[in-house]
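Observations on chain architecture
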Amino acid sequence: MSGPNTSYDPVEVAALEPEAIEQAVTAALAAVAAAASLEELKSLRGAHQGDKSPLALANREIGALPPSAKAEAGKRVGQARGRVASAFTARQGELEVERDNRILVEEALDVTVPVTRRRSGARHPISLVTQRVEDIFVAMGWEIAEGPEVEAEWLNFDALNLGQDHPARQMQDTFFVEPEGSGLVLRTHTSPVQIRTMLREDPPIYVLCPGKVFRTDDLDATHTPVFHQFEGLVVDEGITMAHLKGSLDAFVSRLFGEGIVTRLRPSYFPFTEPSAEIDCQCWICGGTNPSCRTCGGTGWIEVGGCGMVNRRVLAAAGITDEKYTGFAFGLGIERSLMLRHGVGDMHDIVEGDVRFSAQFGMEI
Ligand code: DAH
């Protein structure tokens, strides 16, 4: 900035001359009008409005003028700066409108354009049911236990009180693993997981054991050589049949609907004493439809077997303290699925066609 002038020397304050100011304004207005984008406009601000712009310099020169000249020069510079400022504001407004319009066009989405459909997979209904059953028992505080599909014969039969000559051992058509006398079978039920659990853990035991089992049946509309069961086992102090019934009722009401209960019918299994067949109240008709296709009008559907764990089984698995008693149950998944969803042919369940699975939902 120049030092204070004692006399007004128009040469020293050339920046304040009307022509110079008009020129600065004209240059600024031309540049602003030519700015084609907001970025460009922004980059012009320094040159025309910044500290070193001609008008800012002129403004600074005012201080050096004699008091008599200040007012007029001040007015002139002020007006000039005002014109430039409004030109910037106006152009900014225009460019913003342009930008918004352009974005609206460029980024427009045609919601009517047909999408490319990508078919999602579907979990197999056996997996869905298994997971739902697991969730129900886990919510009651039970643990999930697993065992191998190729199982020791001793665990699959002997420890479960199915001796060499026990008729049930022949009843269960077993896949024996070669060579003969290997002592291995493909497990015919999930019950050996009971023994494995008791050998591994001390009571209290509350486990659910879901899994694949194998029998030498041919695949037809109602049979399959590979199917799924889940086994329940509880061993604790003071466990009674009432706990078994209560657990089964809690389970079926959660799986099939509030108010659905089970009924126990006396039966025989070597690994339980007493033993019972589990009937579940018909979840389709609730026993109200004499011609119901699901329950045959009886109101009940057989879903599995259960009972109090045979003392001999507890002993084989190392639990000899008489204060412990337990219950066990075993249920088949395929059968429930066929009944529940009216699946008429086992082939549909085993073939794994996604068009079948998709009907049960896309839950992941
Ligand atoms: N293991 C039997 C089967 O595969 C089902 C079963 C019945 C399991 C009674 C049990 C039970 O735990 O107590 O046919």
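Up top you'll find the structure we're talking about.
To keep things clear, this report deals only with the structure shown in the data block. (Residues numbered from 1 in each chain as written. Predicted model: local features only at pLDDT ≥ 70, side-chain atom pairs only at ≥ 80, totals over all residues. Heavy atoms only, no water.)

**Describing the site of the ligand**
In the vicinity of the ligand there are 15 residues, among which His189, Ser191, Arg215, Gln229 and Glu231 approach most closely. Contact between the ligand and Gln194: an oxygen atom at 3.2 Å from a side-chain N or O atom of the residue. Glu231 is positioned such that a nitrogen or oxygen atom in its side chain is 2.5 Å from an oxygen atom of the ligand. Burial of the ligand by the protein chains amounts to 91% of its free accessible area of 350 Å². Secondary-structure elements contributing two or more residues to the shell around the ligand are strand 5 (226–237), strand 8 (300–309) and strand 9 (324–332). Class assignment of the residues belonging to the shell around the ligand gives a composition of 5 nonpolar, 8 polar and 2 charged. (Near = heavy atom within 4 Å. Polar contact = N/O pair within 3.5 Å; in protein donor to acceptor, adjacent residues only side chain to side chain. Areas by Shrake-Rupley, 256 points an atom, 1.4 Å probe, with all protein chains shown as cover. Helix = DSSP H or I, 4+ residues; strand = E, 2+ residues; numbered from the N terminus. Nonpolar A, V, L, I, M, F, W, Y, C, P; charged D, E, K, R; others polar.)

**What to know about the sheet that holds strand 1 (residues 143–144)**
To summarise the sheet geometry, strands pair through backbone hydrogen bonds and adopt either a parallel or an antiparallel arrangement. Strand order in the open sheet formed by 7 strands is 1-4-5-9-8-7-6, and the pairing between neighbours is mixed. Both edges of this open sheet fall to strand 1 and strand 6 (262–269), since each of them pairs with a single strand only. In this sheet, strand 4 (residues 205–214) lies alongside strand 1 in parallel orientation, the contact comprising 2 bridges. Paired with Glu143 across the bridge in strand 4 is Val207. Contacting strand 5, strand 6, strand 7 (272–281), strand 8 and strand 9, helix 9 (residues 241–256) crosses the sheet at an angle of about 125° to strand 6. (Pairing = 2+ DSSP bridges. Contact = heavy atoms within 4.5 Å. Axes fitted to C-alpha atoms, helices over the stretch in contact; angles between N-to-C directions.)

**Thoughts on the side chain of Ser191**
As for its placement among the helices and strands, Ser191 is situated in the loop between strand 3 (184–186) and helix 8 (192–200). Judged by relative accessible area, Ser191 falls into the buried class, the value being 3%. One polar contact links Ser191 to His189, side chain to side chain, over a distance of 3.4 Å. (Buried < 20%, exposed > 50% of the residue type's maximum accessible area, 1.4 Å probe, protein only.)

**Digging into the environment of Ala28**
In this structure, Ala28 sits in helix 1 (residues 18–34). Taking C-alpha positions, Ala28 is 5.8 Å from His48, a pair spaced 20 residues apart along the chain. The residues touching Ala28, leaving out its near neighbours within four places in the chain, are His48 and Val84.

**Observations regarding the side chain of Glu277**
Residue position: Glu277 is located in strand 7. Look at Glu277: it is buried, it has no salt bridge, and the nearest opposite charge is Arg265 at 5.0 Å. A distance of 2.7 Å separates a polar atom in the side chain of Glu277 from a polar atom in the side chain of Ser267. Leaving out residues up to four positions away in the same chain, Glu277 has contacts with Arg263, Leu264, Arg265, Ser267, Phe269, Glu302, Gly304 and Gly305. (Lys, Arg positive; Asp, Glu negative; His and termini not counted. Salt bridge = Lys/Arg side-chain N within 4 Å of Asp/Glu carboxyl O.)

**Thoughts on the environment of Asp110**
Along the chain, the position of Asp110 falls in the loop between helix 4 (67–106) and helix 5 (125–139). Given the relative accessible area of 48%, Asp110 is considered partly exposed. Separated by 2.5 Å, the side chains of Asp110 and Thr112 make a polar contact.

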